[in-house]
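What follows is each chain in one-letter form.
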Amino acid sequence: MNKHEHHKNHQASHNNHRKHNNQHEHHGHMLEEFKRRFIVSFLVTIPILILSPMIQSFIGVNWRFTGDLYVLFILSTFLFFYGGMPFLKGSVAELQNKNPGMMTLIALAIIVAYGYSSFTVFGLSGMNFFWELATLIDVMLLGHWIEMRSVKGASNSLEELVKMMPSEAHLVNEEGETTNIPISNLEQGDSVLIKPGEKVPVDGKITKGQSAIDESMLTGESVPVEKQVDDQVIGGSINGEGSLTVTVIKTGEESYLSQVVQMVKEAQESKSRTQDLSNRAAKWLFYIALLAGISTLFIWLVLGYDFSYALERMVTVMVIACPHALGLAAPLVVARSTALAAKNGLLIRRRASFEGARKLQSVVFDKTGTLTEGKFGITDIVLEKGFKEEDVLRLVGSLESQSEHPIARGIVENATERGINLKSPDEFDSITGKGLKGTVEGEDIKVVSPGYMQEQDISYQSEKFEKLSKQGKTVVFVLIDNKLSAMIALADKIRESAKRAIHELKQMNVQPMMLTGDNKQVANWVASQLMLKNVYAEVLPHEKADKIKEIKQNGLKVAMTGDGVNDAPALANADLGIAIGAGTDVAMESADVVLVKSNPNDVVSIIALSKSTYRKMIQNLWWATGYNIVTIPLAAGVLAPMGIVLSPAVGAVLMSLSTVIVAINARLLKE
């Protein structure tokens, strides 16, 4: 790739980053705007309520003065345009899309209330509804603000992926000298030096050196991969203890990480935005309000009543048709469930996906770092005659305490957990690619690989070794004074909480599955420990998202749980993406829900909370719309022959009662 093309790629990535930032800032501005409009509108509402003749008569006071209605009109006009503007604009957008919803219903109520009330100030006989206009705008602004605050948290996944790459690389020139240059300046064919413990800056091929590279966050491979000359390395993986010289193969948008970015982006953009329940209810109420209002006007005129009375009935119906409670029914439950979830370590990032969790039929778990802890633990110690387990662990643990290799860490941790006192070795050295040797307590200790045993022609229990290897375990041999003393088998530790999670999901008739990049033996051993039937192993990172799509095509609603970059496209493609909190920021940003405590059992909690949230929302919508079912016919005057006509003041009491019930019901949502 030439420099010009590279610059273009870099620029395109920068533009995407800037566009994403702009969307994030826009969401923040909208949130602040609703908050500001609510506070100002609420303050203006106080004098409107005090000046309203209907409210004064309702509480039995008379604070009227000359010109009071004009003051009321001016305050209400300001409130109508300032507080009501988001709803007026929103209704225009909904009507242009021929899909009236909450915004159109609110706009209809406030336009009718403001228009009619203004006419009563300037001569039309009837009562004004400025108080109803003000409280409706306040409650709806509050509802929208609560909702927007609950769903805040636009995706930062692209920035998080880019953060995984180091910003600079050590470029090696023909003379073997190194200079630090920005990664964006690297070209195909360049040589770079990667020091121990550093992140690999680009996709490339090793030309010098050998090391174990941790690719777990990228590929899901639990064990660091031993790499040598001619092996390929992936940008974003972490180098182990050796120094490497690498020739650049892919840069910019061709790199593995960039392809993951693209997959995440595509999956997120393809997600449908489900229309919420209250919006659907609002759509029907809009049509009902129009029909009921026009019918009311027509019938009262046909019955011989004068136009001003018929008009007042029509306005009462149309204003009552927009219940304050409906504006709070969903937002209050949303806010409550988000708070409950956060308290229990479940961070909801995308509401629509979370609310759909109640319909899940299968949960796919990544293995490394999700069902397992992502670190080695001893599973078996096969002793030779004459040796004790504690003695072997003390000697091996003392030697391994000098190494940072994951196998060494697993052995040391196990010895420490057992309360074994480790000593500093007198001598310590590594046997290149084969293990470690040293002297502990005057004894010659070696911890070596099967390759070393074959090379030195040392016999061991081959049947036992084969059995452990088939279970996907890593086996090391312990030689004390050149005599075989034990075989130690290690494997990725299985989380206790994973066993409970899988058992409870089965109880809920949700099918648990495992999807991993690790080899079949390891996957099958983990599955047998967890009593898991459905296992997909040796799945390459870019194939994980395809597997999720395949499960969805079989008609199942599916959740994906993972913690690495390699899981990000699959998380984004699932109906519900669940990230384990101890994983990468990338996985977390691609997910709909993040489990802070890295506890797979919390997946069960998500489904349970989603079900109870939905139940509460339905209850609240019934309370909110139930108010309409009762009050619209009464306001229209169906019981007028019996002398019962709903006055606006009684309508206001019922409206308040409905709002209070909805608020209390939302608070009753339990963990």
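As the structure is a computational prediction, the values presented were derived from the model and not from experiment.

**Observations regarding the overall build of the protein**
Then, number 1: Across its full length, the protein holds 25 helices and 22 strands.
Then, number 2: Going through the 671 residues of the protein one by one, you find that 51% of them count as buried.
Then, number 3: If you take every contact in the protein between residues at least 6 apart in sequence, the share linking residues at least 24 apart comes to 70%.
Then, number 4: Carbon and sulfur atoms make up 55% of the accessible area of the protein, which amounts to about 30800 Å² in all.

**A word on the environment of Leu571**
Then, number 1: Relative to the elements of secondary structure, Leu571 occurs in helix α22 (residues 568–573).
Then, number 2: Residue Leu571 is classed as buried on the basis of its relative accessible area, which comes to 0%.
Then, number 3: Separated by 12 residues in sequence, Leu571 and Ala559 place their C-alpha atoms 7.8 Å apart.

**Digging into the side chain of Asn665**
Then, number 1: With respect to the element layout, Asn665 can be found in helix α25 (residues 648–667).
Then, number 2: We classify Asn665 as buried; its relative accessible area is 9%.
Then, number 3: One polar contact links Asn665 to Lys616, side chain to side chain, over a distance of 3.0 Å.
Then, number 4: Excluding residues within four positions of it along the chain, Asn665 makes contact with Lys616, Gln619, Asn620 and Trp623.

**Points about the sheet that holds strand β20 (residues 558–562)**
Then, number 1: Taken in spatial order, the seven strands line up as β10-β22-β21-β20-β11-β18-β19 in an open sheet, and their pairing is mixed. Of all the strands in the sheet, just β10 (346–348) and β19 (534–536) have a single pairing partner and so form its edges. Direction aside, the axes of adjacent strands within the sheet are offset by 20° on average.
Then, number 2: Here five bridges tie strand β11 (residues 362–366) to strand β18 (residues 511–515), and the two strands are oriented parallel to one another. Opposite Val364, over in β18, you have Met513 as the bridge partner.
Then, number 3: Across the sheet, helix α24 (residues 602–636) lies against β10, β11, β20, β21 (576–580) and β22 (593–595), angled at about 140° from β22, the strand it touches most.

**Some points on the pairing of strand β1 (residues 168–172)**
Then, number 1: In this sheet, strand β2 (residues 178–182) lies alongside β1 in antiparallel orientation, the contact comprising five bridges. Pairing of Glu168 across the sheet is with Pro182, part of β2.
Then, number 2: Sheet topology places β1 next to strand β3 (residues 191–194); three bridges connect them, and they run antiparallel. Note that in β3 the partner of Leu171 across the bridge is Val192.

**Brief notes about the confidence of the model for the protein**
Note: predicted coordinates in regions of low pLDDT should not be interpreted at a detailed level.
Then, number 1: Counting all residues, the mean pLDDT for the protein is 82, and 85% of those residues have values of 70 or more.
Then, number 2: With pLDDT under 50 throughout, residues 151–158 is counted as low confidence; its partners more than four residues away or in other chains account for 23 contacts.
Then, number 3: Per-residue pLDDT stays below 50 along residues 267–275; that stretch engages in 16 contacts with residues further than four places along the chain or on separate chains.

**So, the pattern of salt bridges**
Then, number 1: Evaluation of the coordinates by the stated rule reveals 15 salt bridges.
Then, number 2: Taking the shortest distance from any N to any O, the salt bridge between Asp380 and Lys473 comes out at 2.7 Å. Highlighted residues: Asp380 in strand β12 (residues 372–383) and Lys473 in the loop between α18 (462–470) and β16 (474–480), separated in sequence by 93 residues.

**A closer look at a nonpolar patch on the surface**
Then, number 1: A cluster of nonpolar side chains, namely Ile39, Phe42, Leu43, Ile46, Ile50, Phe58, Ile59 and Trp63, defines an oily patch on the protein surface of about 790 Å² accessible area.
Then, number 2: When contributions to the nonpolar patch are tallied by element, the ones reaching two or more residues are α1 (3–51) and α2 (53–59).
Then, number 3: In terms of residue count, α1 provides more of the nonpolar patch than any other element does, five residues in total.
Then, number 4: By secondary structure assignment, the location of Phe42 is in helix α1.
Then, number 5: Residue classification places Phe42 among the partly exposed positions, given a relative accessible area of 44%.

**Observations concerning the nonpolar core**
Soluble globular proteins tend to pack their nonpolar side chains together in the buried interior.
Then, number 1: In this structure, Ile110, Phe130, Leu133 and Leu326 are the most contacted members of the largest nonpolar core, which totals 67 residues.
Then, number 2: Element by element, the count of residues in this core is highest for helix α5 (residues 102–121), at 13 residues.
Then, number 3: Not counting chain neighbours up to four residues away, the residues in contact with Leu133 comprise Ser76, Phe80, Ile110, Ala113 and Tyr114.
Then, number 4: Core analysis: the next-biggest nonpolar cluster, separate from the first, contains 41 residues, Leu346, Leu576, Ile580 and Leu595 among them.

**Some words on unusual backbone geometry**
Then, number 1: Even without a glycine there, the phi angle at Glu441 is positive, about 50°.
Then, number 2: By the secondary structure assignment, Glu441 is in the loop between β14 (435–440) and β15 (443–448).
Then, number 3: Exposure remark for Glu441: the relative accessible area of 37% places this residue in the partly exposed category.
Then, number 4: At Asn509, a position not held by glycine, the phi torsion is positive, near 60°.
Then, number 5: Relative to the assigned elements, Asn509 resides in the loop between α19 (496–507) and β18.
Then, number 6: The class of Asn509 is exposed, set by a relative accessible area of 70%.

**Regarding the UniProt feature "transmembrane region" (unreviewed entry) in the protein**
Then, number 1: Under the feature "transmembrane region" (unreviewed entry), the UniProt entry names residues 38–63, 69–88, 100–117, 129–146, 284–303, 315–335, 621–644 and 650–669.
Then, number 2: Here residues 284–303 is 95% helix and 0% strand, with 28 Å between the C-alpha atoms at its ends.
Then, number 3: Annotated as residues 621–644, this span is 67% helix and 0% strand, and its ends, taken at the C-alpha atoms, are 27 Å apart.

**Regarding the packing of helix α4 (residues 85–96) against α5**
Then, number 1: At a minimum axis distance of 8 Å, the contact between α4 and α5 shows a crossing angle of 125°. On the basis of the axis angle, α4 is oblique to α5. Considering only the axes of α4 and α5, their crossing is left-handed. When α4 is examined against α5, the residues Pro86, Phe87, Leu88, Gly90, Ser91, Glu94 and Leu95 are found in contact with a partner set consisting of Met102, Met103, Thr104, Ile106, Ala107, Ile110 and Ile111.

**What about the packing of helix α3 (residues 68–82) against α4?**
Then, number 1: In the contact formed by α3 and α4, the axes pass within 5 Å of each other and the chain directions differ by 45°. Here α4 runs oblique to α3, going by the angle between their axes. Where α3 approaches α4, its residues Phe80, Phe81 and Tyr82 are matched on the opposing element by Met85, Pro86 and Leu88.
Then, number 2: Grouping the constituent residues of the contact of α3 with α4 by class yields six nonpolar, no polar and no charged.

**Focus on the packing of aromatic side chains**
Then, number 1: Considering all chains together, one arrives at 18 aromatic pairs under this definition.
Then, number 2: Between the aromatic rings of Trp300 and Tyr305, the centroid separation amounts to 4.7 Å while the plane-to-plane angle is 85°, which identifies the pairing as edge-to-face.
Then, number 3: Classification of Trp300 by relative accessible area gives buried; the value is 5%.
Then, number 4: A residue is classified by how much of its surface remains accessible, and Tyr305, at 41% relative accessible area, is partly exposed.
Then, number 5: Positioned over the ring face of Tyr82 is Arg37, at 5.0 Å from the centre of the ring.
Then, number 6: Lying across the ring of Tyr614, Arg358 places its NZ or CZ 3.4 Å from the centre.

**Re the sheet that holds β15**
Then, number 1: What the six strands build is an open sheet, ordered β12-β17-β16-β15-β14-β13; its pairing is antiparallel. The open sheet has two edge strands, β12 and β13 (427–431), and neither has a second partner. Across the sheet, the axes of successive neighbouring strands diverge by a mean angle of 20°, strand direction being ignored.
Then, number 2: Direction of pairing for β16 relative to strand β17 (residues 483–494): antiparallel, over a ladder of seven bridges. For Val475, the partnering residue across the bridge sits in β17 and is Ala489.
Then, number 3: Sitting on the sheet, α18 is in contact with β12, β16 and β17, with an inclination near 145° to β16.

About the thresholds
Residues numbered from 1 in each chain as written. Predicted model: local features only at pLDDT ≥ 70, side-chain atom pairs only at ≥ 80, totals over all residues. Heavy atoms only, no water. Helix = DSSP H or I, 4+ residues; strand = E, 2+ residues; numbered from the N terminus. Buried < 20%, exposed > 50% of the residue type's maximum accessible area, 1.4 Å probe, protein only. Contact = heavy atoms within 4.5 Å. Areas by Shrake-Rupley, 256 points an atom, 1.4 Å probe, with all protein chains shown as cover. Polar contact = N/O pair within 3.5 Å; in protein donor to acceptor, adjacent residues only side chain to side chain. Pairing = 2+ DSSP bridges. Axes fitted to C-alpha atoms, helices over the stretch in contact; angles between N-to-C directions. pLDDT = per-residue confidence, 0-100. Salt bridge = Lys/Arg side-chain N within 4 Å of Asp/Glu carboxyl O. Patch = residues over 30% accessible without salt bridge, like charges linked within 9 Å, V, L, I, M, F, W, Y side chains within 5 Å. Core = buried A, V, L, I, M, F, W, Y, C linked by side-chain atoms within 4.5 Å. UniProt positions renumbered as here; feature names shortened; annotations may be inferred. Parallel < 35°, antiparallel > 145°, perpendicular 65-115°, else oblique. Left-handed = near helix turned anticlockwise from the far one by under 90°. Nonpolar A, V, L, I, M, F, W, Y, C, P; charged D, E, K, R; others polar. Phe/Tyr/Trp six-rings, centres within 6.5 Å; stacked < 30°, edge-to-face > 60°. Lys NZ or Arg CZ within 6 Å of the ring centre and 35° of its normal.

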